[in-house]
Each structure stands twice: as C-alpha cells, then as structure tokens.
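# Fold and geometry: a report
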Amino acid sequence: MKHISILALILLTACNSVYIKPNATLDTSKPMYANRGGFTMKRAIKQELEKHGYTVKVGRLKSSYDGDDISIETEEVPGNHAYIVRVSERSEVFRPLWCAFNGFWWWRFNVSIVDQDTKNEIVSWRGRGCANSSVRKLNDILDKLEQK
C-alpha cells in the first residue's frame, strides 16, 4: 500500500511543468490577444483573464483555398495588444471517477504568454489535470504575475 501511495504522488507531481520568467509582470490595463475557439481550456483561459481585468481580443478569421479545395484558415491578429496567450490542447476527456470533485473533465494542454514589447515568453506551461484544479493553477499564475 505504501508503494502505491508513493507511485501516485510521483505521477501526480509530473502533471504540470510551469516556467514563469523571473521578474516578469502582467499589466491588467493592457489588452491581450487570444486564439479564437478551442476546447474548454482555451475558453476557460479567456474567461479567467477577463475576470482578472484584461481586455481579451481575438483575431478575425480569414479563409483561403488551395488548388485541391483544401481549406486553409489563417487569423488576422489585431495590432493593438501587449500580450499574446496561445493555448494548444487536446480534446477534453470525461473522467467522473478521477475528477469527481474537481470538474469531471480531464484537460491536456500547453499555454504560452508572450510580452509583445519585450518579445519575452513570460509563461510556459505544459499541463494536464482536472478542470477545476487547472483553472486554480491558472489563477495562481496570474496572481503571481500581477503582484509585482
């Protein structure tokens, strides 16, 4: 039983890898660009950023087609933004037993926040976890960056 507990702790600690650039800050008065659409992590990030006071802008979708009628989509990024947040994610998985008291959904994602003025990546976060704990982790990250 002791070995199972130790193994569970090791597996759970490997769920997130977060890098926050030392001495980096975020200014809630400056607009932030985010990708359009997405699964629930992408939507949750936009909602949490707005709760923190950021103005979140999304690009305008442009569609073009090549000679084989394959749709190629590009986004027009608005020019007036201080930060870019990019989220790549896999489809969420319903895990009622594992995430029973923590949002029921299992997310797998990568998040990057870049300061457009300095061209520095402020946050690099590779993670997986239950929905509610991932949102709490995001809020912790934002709180740390806004305190300075």
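Here the structure is a predicted model, which is why all the values come from computation and not from measurement. (Residues numbered from 1 in each chain as written. Predicted model: local features only at pLDDT ≥ 70, side-chain atom pairs only at ≥ 80, totals over all residues. Heavy atoms only, no water.)

Each aromatic ring pair is described using two quantities: the centre-to-centre distance and the angle formed by the ring planes. Tallied over the full model, the rule gives 4 aromatic pairs. Consider the rings of Phe-109 and Trp-125, whose centres lie 4.8 Å apart with planes at 85°: the pair is edge-to-face. In this pair, Phe-109 sits in strand β8 (residues 105-115) while Trp-125 sits in strand β9 (residues 120-130), placing the two residues 16 residues apart along the sequence. Across the pair, Trp-125 and Phe-109 agree in class, each one buried. Chaining the aromatic ring pairs together yields one cluster made of Phe-94, Phe-104 and Trp-105. (Phe/Tyr/Trp six-rings, centres within 6.5 Å; stacked < 30°, edge-to-face > 60°. Helix = DSSP H or I, 4+ residues; strand = E, 2+ residues; numbered from the N terminus. Buried < 20%, exposed > 50% of the residue type's maximum accessible area, 1.4 Å probe, protein only.)

Take a nonpolar patch on the surface next. A grouping of Phe-94, Phe-104 and Trp-105 is seen on the molecular surface, where their side chains present a nonpolar patch of about 310 Å² in accessible area. Turning to its location among the elements, Trp-105 is positioned in strand β8. (Patch = residues over 30% accessible without salt bridge, like charges linked within 9 Å, V, L, I, M, F, W, Y side chains within 5 Å. Areas by Shrake-Rupley, 256 points an atom, 1.4 Å probe, with all protein chains shown as cover. Salt bridge = Lys/Arg side-chain N within 4 Å of Asp/Glu carboxyl O.)

Note that strand β1 (residues 16-20) and β9 share 5 bridges and pair antiparallel. Among the inter-strand pairings, Asn-16 is bridged to a residue of β9, identified as Gly-127. Between β8 and β9, which follow one another and run antiparallel, lie 4 residues, and Lys-119 among them has a positive phi close to 65°. (Pairing = 2+ DSSP bridges.)

In this model, Asn-23 sits at a positive phi of 65°, which is unusual for a non-glycine residue. Even without being glycine, Lys-119 reaches a positive phi, approximately 65°. With respect to the helices and strands, Lys-119 occurs in the loop between β8 and β9. In this structure Lys-119 comes out as exposed when scored by relative accessible area, which is 59%.

This paragraph deals with the state of the cysteines. Going through the model one piece at a time under the given rule, you end up with 1 disulfide. Each disulfide pairs two cysteine sulfurs, and for Cys-99 the partner residue is Cys-130, the sulfurs being separated by 2.1 Å. Around the S-S axis, the bridge from Cys-99 to Cys-130 shows a dihedral of about -80° and counts as left-handed. Placement of Cys-99 in the loop between β7 (93-94) and β8 and of Cys-130 in strand β9 is noted, with a sequence separation of 31 residues between them. Taken individually, Cys-99 and Cys-130 each receive the classification buried, so the pair is uniform in this respect. (Disulfide = S-S within 2.5 Å.)

With respect to the helices and strands, the residue Thr-40 is situated in helix α2 (residues 40-51). Since its relative accessible area comes to 17%, Thr-40 is described here as buried. Once residues lying within four places of it in the same chain are set aside, the contact partners of Thr-40 are Glu-89, Glu-92 and Trp-107. (Contact = heavy atoms within 4.5 Å.)

It is the contact of α2 with helix α3 (residues 131-147), at a shortest axis distance of 11 Å, that shows an interaxial angle of 40°. By the angle between their directions, the pair α2 and α3 is classed as oblique. The two elements α2 and α3 meet at a crossing, and its hand is right-handed. Along the contact surface, α2 presents Ala-44, Ile-45, Glu-48 and Leu-49, while α3 presents Val-135, Leu-138, Asn-139 and Leu-142. Looking at the contact of α2 with α3 residue by residue, the class counts come to 6 nonpolar, 1 polar and 1 charged. (Axes fitted to C-alpha atoms, helices over the stretch in contact; angles between N-to-C directions. Parallel < 35°, antiparallel > 145°, perpendicular 65-115°, else oblique. Left-handed = near helix turned anticlockwise from the far one by under 90°. Nonpolar A, V, L, I, M, F, W, Y, C, P; charged D, E, K, R; others polar.)

Spanning 17 residues, α3 covers 25 Å between terminal C-alpha atoms, matching the ideal 24 Å at 1.5 Å per step. Buried positions along α3 lie against β1, α2, β8 and β9. (Expected span 1.5 Å × (residues − 1).)

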